[in-house]
Amino acid sequence: CGFTPAYGPSGGAGVLQSQVRLTDPVGRDGYLLNRRLEERLGRGGPSARYAMKVTPIVTQSGMGSTSRGLTTRFQLLGKAKFLMTDPVTADVLAEGEVQSFTGYSATGTTVATLAAERDARQRLMTILADMVVDRLLVAASGLPS
Amino acid sequence: QGTNVGFGASEHDTSQPVEVSADSLKVNQDDGTAIYSGNVVIVQGQMRLAAAEVIVIFNKDRSAIDMLKASGGVTLVSGPDAAEAQNADYAVETGNVVMTGNVLLTQGTNAATAERMDLNLETGQANLSGRVTTILQPAKN
Amino acid sequence: QTENQAALLVADRVLVESDNRLIAEGKVEAFQDGVRLTASRIVYDRDADSLTIEGPIRLSDSNGNLLIADSADLDIELRNGLLRGARLVLDEQLQLASVQARRVEGRYTQMSKVAITSCQVCGEDTPLWQIRARNVVHDEEAKQIYIDEAQLRILDVPVFYLPHLRLPDPTLTRARGFLIPEILSSTLLGTGVRMPYFVPLGDHADITFAPYLSPVTRTIEARYRHAFRTGTVSFDTAISRDTVQRDTTRAYLFGEGAFDLRNDFKLTFDIEAVNDRSYLSDYNYSDKDRLDSELRIERVRPDEYITGALIHYESLRANESNATLPTIVGNVEYERRFLPAIGGELRYDVTAHSHFRYSETDVDGRDVTRLNAGVTYLNRWTLPAGIRAGFTGSVWADHVNTVQDSTADAMITQLTPQAAVEVRWPWVRNDGQGGGMLLEPVAQIGWTGGTRPNIANDESTRVELDEANLLSLSRFPAPDRRERGWVGAAGIRWMRYAPAGWSAGLTLGRIWRDTADAEFSRSSGLMGETSDWLLAMHFTGANGLDLVARGLLDNAGRFAKAEIRGVWDYKRLGLEASYVLQSADPAVARNRALSEWTMDATYQLAENWTGSTLWRYDIVDNRLDRAGVGLDYSNECIDVGFSVSRRFASSINIEPTTNYGLTVALKGFSTGGSAKEYRRTCR
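Quantities reported herein were computed from a predicted structural model and do not represent experimental measurements. (Residues numbered from 1 in each chain as written. Chains lettered and ligands numbered in written order. Predicted model: local features only at pLDDT ≥ 70, side-chain atom pairs only at ≥ 80, totals over all residues. Heavy atoms only, no water.)

1. Details of the overall build of chain C
To keep things clear, this is the line we draw: Working definition: helices are DSSP H or I runs of at least four residues, strands are E runs of at least two. Numbering for both runs from the N terminus. Between the two quantities, the radius of gyration covers C-alpha atoms and the globule rule is 2.2 Å times the number of residues to the power 0.38. Here's how the labels work: a residue is buried when its accessible area is under 20% of the maximum for its type, exposed when over 50%, partly exposed in between, all with a 1.4 Å probe on protein chains only. Method for areas: the Shrake-Rupley scheme with a 1.4 Å probe, in which residue coverage is limited to the protein chains shown.
Secondary structure summary: chain C contains one helix and 40 strands in total. The C-alpha radius of gyration computed for chain C amounts to 35 Å, which surpasses the reference 26 Å derived for 683 residues by more than 25%, pointing to a less compact arrangement than a globule. Looking at chain C residue by residue over its 683 residues, the buried ones come to 49%. Accessible surface computed for chain C: about 31,400 Å², of which carbon and sulfur atoms make up 59%.

Structure, rendered in structure tokens:
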């Protein structure tokens, strides 16, 4: 049925290993997203086979309003555009956009809400990074090696 | 008529004698035309016409010049004004000059370029045509 | 006076009639120092240095203004003269038509008996709006339009008269003057008018005053913005005296700024202060119920993250007292990453945190300071058959100091070792052009040593489970709590992506632990020895539908928590809806379940009409929380927006209020928005 282990002989994902060089991160979101991508794919050195730029955009929306007007729930909506190019010819090898959200409650103390928000933001970056990796694994066998 | 003349010196008289000087002259006996070539200069009153080659065509009884056909780069000067072109045909009788090919007309500070100019030396009227470009220099008041 | 430049004239035929007259005919064009004129015939009188021009005349200059006329007498520099049957078109949108226009010094255009509009005028029908004026002067350099005896007409019916009126021409940005007035009406503040007035302060700063007057309130709002070389600041404030709170002055100040410091550090600050708890909600300035003022310095590099912040909180919630809430918080985080030669990643983390409560009473007035340092090593390998194995090992040193809490140890220091092995086995099918399918079983076994110290849980009381921390060594958001003992997790991830067709993803997972952790409450989904099932999905359809959902399914098959977000842009409909469900959980101060959906839709009713609506409905209380409807008419020359919205929530600080809004913006002036997008054509 066409399935094969991504990191197996014909899966193609092996070409990505430590061969993806990320552009420098901007802000905490970018740092956390790049950190997770390097955790999964290793870090590409100066002569890496692929260059990739991933740009996260996060907005927040309030939910869960009580009859007394309190907002008890927040959601962080995250989008990440990824663009993988050949560092020499700048040809576009893979590109796209992934999106997801994470939520946190605001019914606790101020420091509980602060910790919950910062953790929700970190989790959002992890989810977006994993979704980018999924797209790369699926496209890997089509990448030039 | 009293209108001051557009092009050239005022009151140009086309009946004045025409002097022609050139490096060489060749006369064609059977049709009675004369071909001047090499630094040809034609002077009539205040008008002066220079060209590389001028063919002079006389009227039937060869009593007067009917037409001067200048070519190879022509310069026509009259009073303060001047005109250049590839070719110029001067019908002496009527005073009409037809200049064609990269015509450049300069009148005092104003200049104009055109494909063709129909000039009447007596009235001074000049008709330029074919995407005419004129530079109007404002008078320094 | 600049020295006069020669004018260039191009035409099909030029008749040099006399020394003094030159006549140009046939597609005549004249160019003069950035000004271009086209006409059918031009007569040049050399003595008078004037041009008599026969139309149709089009005179356009370098900054996009266009003057159309039937005939004209201009000087040779096209700077002075009279145009008959003139129409001045500014920036391709605003038209000033008049019987006669006089051009002065190439800068001013004086027009008499003028009609000004930016509406498309087809044939003889009257424009939607126009300003009739006795005379008008357009100053090209100052980009201003001065109008005398202005009469605003809607569909040719005079509705407004002003002896003198000055309006900025469309190309003028940062012009001092009135912006679009707004008519605001709410059941609390009555019907009032808000008249913003913009004042530029040099090139880098500006201030906008907005008096807002209604039978109930006299308010002055102001926004100050300043751009520096290395950063920007912006402050919003308002001061009011109203009959809602008699003889007190109510005011708020919100400010924010960001600056670039030396070697890549960035400083940001944000100030939020108000002098009365219900002011922000009464005037709809903000629906925040907790104000946080923060000063933060941060630096991000590929291998290093540094941040330090000082935060002050002020709660506006009726049921909270600021004395027993941590209102002063300090946070420092430092992380450094290395890639050692043996492979993998070595990570050093140091965090310091402190929060302070004003109250001195035992437990309620607790102040906590903690210092946490950790070293982590992580690596991943590819095993035969494409299995991806990962190892994470770390040691954390925690030092926590608690004051004014007899139930907790005053000071603890603890070392916590952690280790985890993760296994992923991704299978893929490549369908070409980057599309295909992924199936990835994942599993992790982790161990954390040490027993939980007797310290208060101030920061980790709200725990979430999602795809990100299904495989994780600790799901608590802050280091004041860590998961202990053996914890196992397993899941399956599926994803399909088709560049042309639909794309979707699914994640299913569960967590097992050797001993249940009492800190996890029911709605966290992590209670007991086996967690709830984590179910997460996303779907992107080709027809503009985008759905993301996540839920925690308990053993009885009921959702303890569910969140769904959907966006559907399809032809003329733009719909955004979200649903959130959270079961009742007193441990997290949620005595009643939360089940609420919100819907936000816009629909293009007709070519220029857009309807919009917003609803938020609480299913558990069977209560409409807020509702709003809006109607907007927009064409190439006018933008009319009407909206009504109501918030039903009420408490001692919040009044249920209905807000009505009406804005009318005449397009074509630089304040009214550009009229270029909506170009109608005459049929």
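Past the structure itself, the notes keep going.
2. Re the overall build of chain B
Applicable threshold: For this analysis, residues touch if any pair of their heavy atoms sits within 4.5 Å. The charge count includes Lys and Arg as positive and Asp and Glu as negative, but it does not include His or the ends of the chains. In plain terms, the charge of a residue is placed at NZ if it is Lys, CZ if Arg, CG if Asp and CD if Glu.
Helix and strand counts for chain B come out as zero helices and eleven strands. Listed N to C, the secondary structure of chain B is β-β-β-β-β-β-β-β-β-β-β in terms of helices and strands. Taking 141 residues into account, the globule formula puts the C-alpha radius of gyration at 14 Å, and chain B, at 15 Å, falls close to it. Dimensions of chain B, computed from the C-alpha atoms along their principal axes, are close to 55 × 30 × 25 Å. For chain B, the share of sequence-separated contacts (at least 6 apart) that also reach a separation of at least 24 residues comes to 34%. Entry remark: accessible area of chain B is about 7,100 Å², with carbon and sulfur atoms responsible for 50%. Measuring between centres, the 8 positive side-chain charges of chain B sit 6 Å from its 16 negative side-chain charges.

3. A word on the sheet that holds strand β2 (residues 20-22) of chain A
All names here are of chain A. Defined as follows: Strand pairing is defined by DSSP finding a minimum of two bridges between the two strands. To obtain an axis, a line is fitted to C-alpha atoms, over the contacting stretch when the element is a helix, and the angle between two such axes runs from 0 to 180 degrees between their N-to-C directions.
Pairing within the open sheet is mixed, and its four strands lie in the order β2-β3-β4-β5. Each edge of the sheet is formed by a strand with only one pairing partner; in this case those strands are β2 and β5 (92-105). Here the strands of the sheet are splayed against their neighbours by 30° on average, with no regard to which way each runs. Across the sheet, helix α1 (residues 27-41) lies against β2 and β3 (50-65), angled at about 125° from β3, the strand it touches most. Across the sheet, helix α2 (residues 110-139) is in contact with β3, β4 (71-85) and β5; its angle to β5 comes to roughly 150°.

4. Re α1 of chain A
Residue and element names in this part refer to chain A. Convention followed: Given a helix with a known number of residues, its expected span is that number minus one, times 1.5 Å.
For α1, spanning 15 residues, the distance from its first C-alpha to its last is 21 Å, which sits close to the expected 21 Å at 1.5 Å a residue. Of all the 15 residues making up α1, 14 are buried; the element is thus mostly covered by neighbouring parts of the structure. Of the residues one or two after α1, Gly-42 is the one with positive phi, at around 70°.

5. Notes on the arrangement of the chains
Out of two pairs of chains that touch, the pair holding the most contacts is chains A and C. At their nearest point, the C-alpha atoms of chain A and chain B are still 49 Å apart, with no contact between the two.

6. What to know about the interface of chain A and chain C
Our working rule: Accessible area, probed at 1.4 Å, shrinks when two parts are joined; the buried area is that loss added up over both. Here, a salt bridge means any Lys or Arg side-chain nitrogen found within 4 Å of an Asp or Glu carboxyl oxygen. Polar contacts, as used here, are pairs of N or O atoms within 3.5 Å; protein pairs need one atom able to donate a hydrogen and one able to accept it. Residues neighboring in sequence count only if both atoms are side-chain atoms.
The partner chain C presents 89 residues to the 68 residues of chain A that form the contact. By the criterion of area lost to chain C, the three top residues of chain A are Phe-3, Tyr-31 and Val-138 of chain A, representing 11% of everything that side buries. For the pair chain A and chain C, the interface holds ten salt bridges. With its nearest N and O atoms 2.5 Å apart, the salt bridge here joins Arg-493 of chain C to Asp-134 of chain A. The interface formed by chain A and chain C contains 37 residue pairs in polar contact (both at pLDDT 80 or more). A per-element tally of the side of chain A that touches chain C places α2 of chain A first, with 19 residues. Bridge count between strand β1 (residues 4-5) of chain A and strand β28 (residues 427-432) of chain C: two bridges; the pairing is antiparallel. Within β28 of chain C, the position partnered with Pro-5 of chain A by the bridge is Trp-427 of chain C.

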